[in-house]
Amino acid sequence: MTQDELKALVGRAALDHVVPGSVVGVGTGSTVNHFIDALATMKERIAGAISSSVASTERLRARGIPVFEAAEVERMPVYIDGADEIDARGHMIKGGGAALTREKIVADLCERFVCIADASKQVAVLGRYPLPVEVIPMAAAQIARRFAAAYGGQALPREGVVTDNGNLILDVRGLAIADPLAMETEINQWPGVVTVGIFARHRARICLLGTEQGVRTLAFD
C-alpha cells in the first residue's frame, strides 16, 4: 500500500473511537483529512467538531459537519489527530502543519488522544523529525541561540509560514529527545515560545498505526 492508502486506512479506523452524539476534537494534516472524509459518513450521528486549524475547519464545513468554537464546549471524549513522530510511550512530535498550539488547546479539552499515523512515524527516540516551535516573531533569533546553547540544536525559521495565530515556526534539527516531558516543560518556559511541538503532557493514549498488514492498535498506560 502507498503511504496515502495507509493514512486512509487509519482515518477510517478512527471512526470506531468516535462517541455517538458527542462533539469530536479534530486535528490537522494529511492523515486527518482522511479522517474528516470518513467522519462525514456518520455526520448525522455526532453533534459536530472542534477543529485545531482553519484548514480543518474549512474541510469539515465543506462536508457538512458543524464546527464549534472551543469556548462553547467544556469537555469532549476524544481528540483524533496525526503525528510527525510517536515513541513507545505515546509521546509525539507534532507541528508539521504549523497548527501545534491550537492542537494542544483542543487536545486539552479531550479525555483521550487517539493518534492516527502510518508506520513510518513510529520511532524509538523523538528528534529525527525537526522539532517545530511556534514563537513570537521578535524572539525568534533569541530562541534559536538558546536551542544551540542548551541542546546543540539548529533552529531555523520555516520559510514562508505564518501560523493561524500570526506567529513564526522554528524547526529545530539535531535533537535526541530522551525525556520528552522534561524538555517540553523547560522549553515552554522560554520567553517568546508560544508552544513547543513535543506532546508529552498531552500524549496519545491510543495509536492507530497503518501497516502493510493492516491497522495495529497501540495502547499506552
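Worth saying up front: this structure is predicted, and the values here are computed from it rather than measured.

Participant: For this particular structure, what's the right way to read the overall build of the chain?
Facilitator: Helices and strands together make up the secondary structure of the chain, namely six helices and 14 strands. A compact globule built from 221 residues should have a C-alpha radius of gyration of about 17 Å, and the chain, at 17 Å, falls within 12% of that. Dimensions along the principal axes, computed over C-alpha positions, put the chain at roughly 50 × 40 × 30 Å. Out of the 221 residues in the chain, the part that is buried amounts to 55%. For the chain, the accessible area works out to roughly 9,900 Å², and carbon and sulfur atoms hold 51% of it. For the chain, the distance from the average position of its 23 positive side-chain charges to the average position of its 26 negative side-chain charges is 1 Å.

Participant: Before we go on, may I ask you to explain the sheet that holds strand β5 (residues 85–86) in this structure?
Facilitator: The strands making up a sheet are joined through hydrogen bonds of the backbone, oriented either antiparallel or parallel. Reading across from one edge, β5-β6-β12 is the order of the three strands in this open sheet, with antiparallel pairing throughout. Lying at the two open borders of the sheet, with one neighbouring strand each, are β5 and β12 (198–199). As paired strands, β5 and strand β6 (residues 92–93) are joined by two bridges and run antiparallel to one another. Within β6, the position partnered with Ile86 by the bridge is Met92.

Participant: Looking at this structure, how should I read the nonpolar core?
Facilitator: The tendency in soluble globular proteins is for nonpolar side chains to be buried as a group. Counting 25 residues, the largest nonpolar core has Val18, Val26, Phe35, Leu39, Leu60, Ile80 and Leu208 as its most contacted members. Elements represented by at least two residues in this core include exactly α1 (3–13), β1 (23–26), α2 (30–39), β4 (76–81), β7 (110–118) and β13 (206–211). Once residues within four sequence positions are removed from consideration, Ile80 is found in contact with Ala14, Val18, Gly25, Val26, Gly27, Val32, Phe35, Val114 and Ile116. Among the nonpolar cores identified, the runner-up in size contains 24 residues, and Val73, Met92, Cys110 and Leu209 belong to it.

Reading guide: rules and limits
Residues numbered from 1 in each chain as written. Predicted model: local features only at pLDDT ≥ 70, side-chain atom pairs only at ≥ 80, totals over all residues. Heavy atoms only, no water. Helix = DSSP H or I, 4+ residues; strand = E, 2+ residues; numbered from the N terminus. Rg over C-alpha atoms; globule rule 2.2 N^0.38 Å. Buried < 20%, exposed > 50% of the residue type's maximum accessible area, 1.4 Å probe, protein only. Areas by Shrake-Rupley, 256 points an atom, 1.4 Å probe, with all protein chains shown as cover. Lys, Arg positive; Asp, Glu negative; His and termini not counted. Charge placed at Lys NZ, Arg CZ, Asp CG, Glu CD. Pairing = 2+ DSSP bridges. Core = buried A, V, L, I, M, F, W, Y, C linked by side-chain atoms within 4.5 Å. Contact = heavy atoms within 4.5 Å.

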